[in-house]
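# Geometric and topological summary
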There are 2 protein chains.
Amino acid sequence: MTVDKLKALELHRKARGKIRNYPTINVRNEDDMAMVYVPGSVFPAREIIADKANVYEYTGKKNRLAVITDGSATLGLGNIGPHASLPVMEGKCLLFKTLADINAFPICLDSQDVNDIIHAVQLIAPSFGAINIEDVAAPNTFTAVRELNKHLDIPVVSDDQHGTAVMILAALWSALDVTGKKLEDVKIVILGAGAAGIATSELLLHVGARNIIAINRSGILGPDNQKMNHYQEELSTRINPEGIRGALDEAIQGADVFIGFSINGRLTQDQVKKMNGKAIVFALARPEPEIMPEEAIAAGAAIAGSSLFDSINPLPNLLSYPGICRGLLDVRATGLNRNILASAAEALKKTVDGMRLCETHILPDLFSDEVTPRMAEVVAQKTIEEGLAIIRPPKGQVYDETWQRLFGGPMTRL
Amino acid sequence: MTVDKLKALELHRKARGKIRNYPTINVRNEDDMAMVYVPGSVFPAREIIADKANVYEYTGKKNRLAVITDGSATLGLGNIGPHASLPVMEGKCLLFKTLADINAFPICLDSQDVNDIIHAVQLIAPSFGAINIEDVAAPNTFTAVRELNKHLDIPVVSDDQHGTAVMILAALWSALDVTGKKLEDVKIVILGAGAAGIATSELLLHVGARNIIAINRSGILGPDNQKMNHYQEELSTRINPEGIRGALDEAIQGADVFIGFSINGRLTQDQVKKMNGKAIVFALARPEPEIMPEEAIAAGAAIAGSSLFDSINPLPNLLSYPGICRGLLDVRATGLNRNILASAAEALKKTVDGMRLCETHILPDLFSDEVTPRMAEVVAQKTIEEGLAIIRPPKGQVYDETWQRLFGGPMTRL
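Attention here is on the structure that accompanies the text. (Residues numbered from 1 in each chain as written. Chains lettered and ligands numbered in written order. Predicted model: local features only at pLDDT ≥ 70, side-chain atom pairs only at ≥ 80, totals over all residues. Heavy atoms only, no water.)

## Details of helix α8 (residues 159-179) of chain A
Since the α-helix turns once every 3.6 residues, residues separated by three or four places project in the same direction. Which entries qualify depends on this criterion: Counting from the N terminus, the helices are DSSP H or I runs at least four residues long and the strands are E runs at least two residues long. Each helix should span, by expectation, one fewer than its residue count multiplied by 1.5 Å. Burial status follows relative accessibility: with a 1.4 Å probe on protein chains alone, a residue under 20% of its type maximum counts as buried, one over 50% as exposed, and anything between as partly exposed.
Helix length check: α8 of chain A (21 residues) gives 28 Å between terminal C-alpha atoms against 30 Å at 1.5 Å per residue, within 8%. A large share of α8 of chain A lies buried, amounting to 18 of its 21 residues.

Encoded structure:
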């Protein structure tokens, strides 16, 4: 999808920021001011002093998410630092608002030290109901997300990790349905072992995949690979059961599924021809995929998708993270785990109408109105089941819309 | 001004946050998304990589301000921590929007260590055009504001310090006009040497006051006082030229001006009677003033004002900080100094119509439409004069509305 440079610049200049504040209460005079500021704010403040959970009841915390980056791995541009990342983060905040009605704030950090990232997020967390770690390079992104999810009382999501993994799992389940294969039987090659590659491997393992081969710049993850970070090393002991050695050429032989998070042109038609019958090819390199879906199909793949919005089977993680975050915020989640992510993928997969499911339709349309609410509902329900939701509304009060949806009526008392 | 507790709680609950995000661009389909997110955001990102100042051109940084607190000295409530401070900070953000069209974000920090406060603000600064330090207890508030103004390339304002000092100076200039006295001749007693007391003393000294006596809980600041923090000690060497010893009783004798930032009831009518003729009494203790203005008048004061919105001469710093911050943002300020604050006070004083200036009208009405734009214009102009503004717009492009106002026409090139 091409965009005219001057048009894009002009649009950004005129917008003066892609999101802006909007007051929810009119302040016209001293009486209004007394109500919204002082002494009016003192009453909710006292309720929160009495019970910290009331912060969800009387403030915007419950619908506020911080989009955090250090600008170290900004989409398609690499390490560009915090200032240049701001237009991208504001774009993400705009999408959170448009697709999931979440008030997302762009926070671009002036440090790429992982301890600073963790410290900054810990410090600012009280204002937010959830955190989205965005475009932070691996392995820092893993360290930040793991440490923060350990220590914070709000969920820390990474769209590059969780969003992508959930979208891929949904697309893969659909594609396996269409080709009549089963996740536990297929051989999956994942090219690229950064944030998306590792998170996808982990989620696929979690839901039953048994034969994954992951590859980084030095080759297949395993005992022979001399350049693995801590997370790749840890993963390498749980994958590649056949002990295949080498790089993509060796791995792709007889594979059922290729998932690429690498660089354009990295998968050749010859390599696709070496794959099993009814092969599935997901080429997610940006800005251009490892192989164009049409080329993969021509080389014998049954199903192909890519990072391109205007190709067949576009595979945007934008399909998943708004619904995941909406659901987490709706039940005031205190954390996030892989069971929740798996249920999100299942919900996403189910939004594809069974009558339309086919080789060229494995995910819902990007702007389908159904995706976010359906995923949010499932994520909310699962978060409660996993014991990661604050489900203790003040007595006698209706919780919120999601609560009503989930429990079929207004909350009275627990 | 009294507020009904249940009404205030209900309002806060229904508002779900007193500010929310609003999208400035409609995203309806894949084309829109490509424009606002990827690849559309890549073009402004590249312009910012080429010249960091372009971040003001293509993002919302120029109109975005962080309201930062650690919840250690929250208005009328004391040390209540970050969560309970959130309704108050959201109220402040709402007022910034309503009064100055600034997109203010509430950031409540999960630490009261001044190094953490400074570190957090440094880390998140790239997203913002200005910082407002709010309700942080002294002396941390001074340390944070001074250190941050030294190291950041955006201005760091404190409404408790700068906002209050500017409002007091404007009110005092008006009151001195009415009573026919001059700032350099009057004896000024400041009761309370926290954020507001010290900042007000400093600004008054800066514009020519010669005889200030400041008092903390242990008495008059000076060599006898055994309980002064670093900032009080530093100030004590530059005030109290008569070397008066003791506490309020000793200080108030023959004083022309009383300014209180202490606790209700601390100034008695007997003490007012000891003041000079045509005395000026500003009682800003909250939630109740040191003396009710009517009582001060009855005891002989010529002019009295207080922290109460519904008394005569209400003295809210809300009159000053929206205009100060609006002006700083309009010229993309890189810092803040006392000359700028003094010019802001002068502008605020001038918004009082000369025909209406009298004992009971020394400041403009709180919701006067003129205050913020007039102050913003003067602050913007002064910031440029002081060399603390980025006045280098991209060639051939109009800067923004303020630029046009200041320079009488569209910018062409410098």
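Once the structure has been displayed, the description carries forward.
## Things to note about the pattern of salt bridges
To keep things clear, this is the line we draw: The term salt bridge refers to a pairing of a side-chain nitrogen on Lys or Arg with a carboxyl oxygen on Asp or Glu at a separation within 4 Å.
Summed over the entire model, instances satisfying the criterion amount to 48 salt bridges over all chains. Here E57 of chain B and R332 of chain B are joined by a salt bridge, their closest N and O atoms 3.0 Å apart. One end of the pair, E57 of chain B, is in helix α4 (residues 55-58); the other, R332 of chain B, is in the loop between α14 (321-330) and α15 (338-350), and 275 residues separate them in sequence. Of the residues examined, E57 of chain B reaches a relative accessible area of 3% and is grouped as buried. Looking at R332 of chain B, the relative accessible area reads 4%, which means it is buried. Notably, a salt bridge pairs K97 of chain B with D101 of chain B, separated by 2.9 Å at the nearest N-O pair. Connected through shared salt-bridge partners, E10, R13 and K14 of chain A together with E57 and R332 of chain B make up one network.

## Focus: helix α16 (residues 371-385) of chain A
All names here are of chain A. Here is the rule we go by: The directions considered for the arc run from the helix axis to the C-beta atoms.
Counted at 1.5 Å a residue, the expected span for α16 with its 15 residues is 21 Å, and the 21 Å between its end C-alpha atoms agrees. Of the residues making up α16, those classed as buried are V371, T372, M375, A376, V379, A380, T383 and I384. Within α16, the buried residues cover an arc of 165 degrees as seen down the axis, which keeps them to one side. Just past α16, the residue G387 takes up positive phi, approximately 75 degrees.

## Some thoughts on the packing of helix α15 (residues 338-350) of chain A against α16 of chain A
Residue and element names in this part refer to chain A. Stated formally: Note on method: axes are straight lines fitted to C-alpha atoms, helices fitted across the in-contact stretch only, with angles between N-to-C directions ranging 0 to 180 degrees. For classification purposes, angles smaller than 35 degrees are called roughly parallel, those larger than 145 roughly antiparallel, those between 65 and 115 roughly perpendicular, and all remaining angles oblique. Handedness of a crossing is defined here by the sense of rotation of the near helix relative to the far one, left-handed for an anticlockwise turn of less than a right angle and right-handed for a clockwise turn. Contacts: residue pairs with any heavy atoms within 4.5 Å of one another. All amino acids are sorted into three groups, where Ala, Val, Leu, Ile, Met, Phe, Trp, Tyr, Cys and Pro are nonpolar, Asp, Glu, Lys and Arg are charged, and the leftover types, Gly among them, are polar.
Across the interface, α15 lies against α16 with an axial gap of 9 Å and an inter-helix angle of 150 degrees. Viewed along their axes, α15 and α16 adopt a mutual orientation that is roughly antiparallel. Once α15 is placed against α16, the crossing between them reads as right-handed. Residues N339, I340, S343, A344, A347, L348 and K350 of α15 touch α16, and the partners they reach there are V371, R374, M375, V378, V379, K382 and T383. Among the residues forming the contact of α15 with α16, the class breakdown is eight nonpolar, three polar and three charged.

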